[in-house]
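Here is what each chain is made of, one letter per residue.
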Amino acid sequence: MTPMVCPLVAVLLLSFPVCAATYRFAAVWDGAKLWKDACVTTQGNRIQNVGACSGTPVDLSRYTAIPGLIDVHTHMTYVLDNRVSQAGRGAAVVYLAQDNARKTLETGVTTVRDLGASEYADIAMRDLINGGQMAGPRMFVAGYGLQITRGGRGPSPNTADGVPEVMRVVRQQVGAGSDWIKMYGSTGSGRDVTGYQTFTFEEMKAAVDAAHALGKRIAIHTYGPDGARDAVRAGADSVEHATDMDDATIAEMARRKTFYVPTIDHNRYYVDNARRLNYPPKAVDDLNDYIQRNLATARKAFAAGVRFAMGSDAVYTMFGENTRELGWFVKAGMTPEEALRTATTNAAELMGMENSLGAIRAGSLADLVAVEGDPLADIDVVIHKVRWVMKGGEVVVDKTK
Ligand SMILES: [Zn+2]
């Protein structure tokens, strides 16, 4: 596609063309507006220009371009393979998770915020992907998610009780190279949809302050309303799941511009895969009930002006379904364009990367997705009709032939 006259710049193991390449689309939704019959020119890993076409662009005129999508809640290193021994599991996980990374790219997701892993397998993956040694979305990772001591589990590097321990574990994650902090502020995960608050307000506040003091942001997981109330008041940058939030908490989120990442679809995944995951019938009822309450809370929060970011909470075999969350957002009252913003401009802002991600604009990283159909008319076009994906100026998925 690129002419052979391009000079190559070698950086460590990588070389990439620095010459410009131009792509023609039926339309380009740049994150804010729609350009009809437009071209995007890339230069190296950045976008150089969006606008009218000239010269002989690469023909993608059957498709509409949207920015590379951002999934702000994944667990890329969660793999279902019980043949892997506990000793050495971290290394095996990094190998097996390549599949999750590849499937994620195929959905048009070129960046993820990965919220919790063991043995820093997430940091290893992030670095291999950044180094060009593994195919996958750009990863921003959290290392170990903080948890309180709970019965039945031995001590683990992520356990913290009380303010000093919370501060220590946050600092350990940052020291290890994490980009984000993740805190489990309530019970609830997998088939367990209880939402008992775990960390206190004081502990959450300590985690937020320790993260922010080191220039990092923090996501607080809470299945129930009590943890959400305290996570918002403690200053969390995003609140995950958070079903049954009361009106005061929702109003406070809108006022503080706290991002809501409801992750409705991951429980749909658990319902669909209940057999494979050995969930009892009761769990399916609980999950379905939770999904409805989660959707109702999302609807209320959106109507109240809370900002949303798209997070799949993908684990195991859910990769490849990362963007199905957008369908729930439309059910919660968003237009397809508003839903798209949760996975582009809003998500980039949550990451603090609005100048380089989430939009097709001069100077941004060249992350582009070509979809077949009109994504502003039908969100299913984004979910099911991704045909071509570019990440950092490189074509990583091509199903146009
Ligand atoms: Zn999660």
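Note that the coordinates shown come from a computational prediction; the quantities given were computed from them, not determined experimentally.

1. Thoughts on the coordination of the zinc ion
Phase 1: Protein coordination of the zinc ion is provided by H73 (NE2), H75 (NE2) and D313 (OD), with donor distances spanning 2.0 to 2.4 Å.
Phase 2: Residue class for H73 comes out buried when judged on its relative accessible area of 0%.

2. With respect to the nonpolar core
Across soluble globular proteins, you tend to see nonpolar side chains buried next to one another.
Phase 1: Grouped together as the largest cluster of nonpolar side chains are 89 residues, with contacts concentrated most on L146, V166, M183, Y260 and L326.
Phase 2: A per-element tally of this core places helix α9 (residues 281–303) first, with eight residues.

3. What about the state of the cysteines?
Phase 1: Per the stated rule, a full pass over the model turns up one disulfide.
Phase 2: Here C39 connects covalently by a disulfide to C53, the sulfurs 2.0 Å from one another. The S-S bond linking C39 to C53 shows a torsion near 100°; that makes this disulfide right-handed. Of this pair, C39 sits in strand β4 (residues 34–43) while C53 sits in the loop between β5 (46–51) and β6 (58–67), placing them 14 residues apart in sequence.

4. Things to note about the pairing of strand β17 (residues 394–398)
Phase 1: In this sheet, β17 lies alongside strand β16 (residues 386–391) in antiparallel orientation, the contact comprising four bridges. Note that in β17 the partner of W388 across the bridge is D398.
Phase 2: Between β16 and the antiparallel strand that follows it, β17, lie two residues; G392 among them carries a positive phi value of about 55°.

5. With respect to the sheet that holds β6
Phase 1: Within the open sheet, the seven strands sit side by side as β5-β4-β3-β6-β15-β16-β17. Their pairing is mixed. Because the sheet does not close on itself, it has two edges, and the strands there are β5 and β17. For this sheet, the mean angle separating the axes of adjacent strands, direction not counted, is 35°.
Phase 2: Pairing analysis gives nine bridges linking strand β3 (residues 20–29) to β4, with the strands arranged antiparallel. Note that in β4 the partner of A20 across the bridge is Q43.

Thresholds, definitions, all that
Residues numbered from 1 in each chain as written. Predicted model: local features only at pLDDT ≥ 70, side-chain atom pairs only at ≥ 80, totals over all residues. Heavy atoms only, no water. Donors = N, O, S within 2.8 Å, 3.2 Å for Na, K, Ca; no water. Buried < 20%, exposed > 50% of the residue type's maximum accessible area, 1.4 Å probe, protein only. Core = buried A, V, L, I, M, F, W, Y, C linked by side-chain atoms within 4.5 Å. Helix = DSSP H or I, 4+ residues; strand = E, 2+ residues; numbered from the N terminus. Disulfide = S-S within 2.5 Å. Pairing = 2+ DSSP bridges. Axes fitted to C-alpha atoms, helices over the stretch in contact; angles between N-to-C directions.

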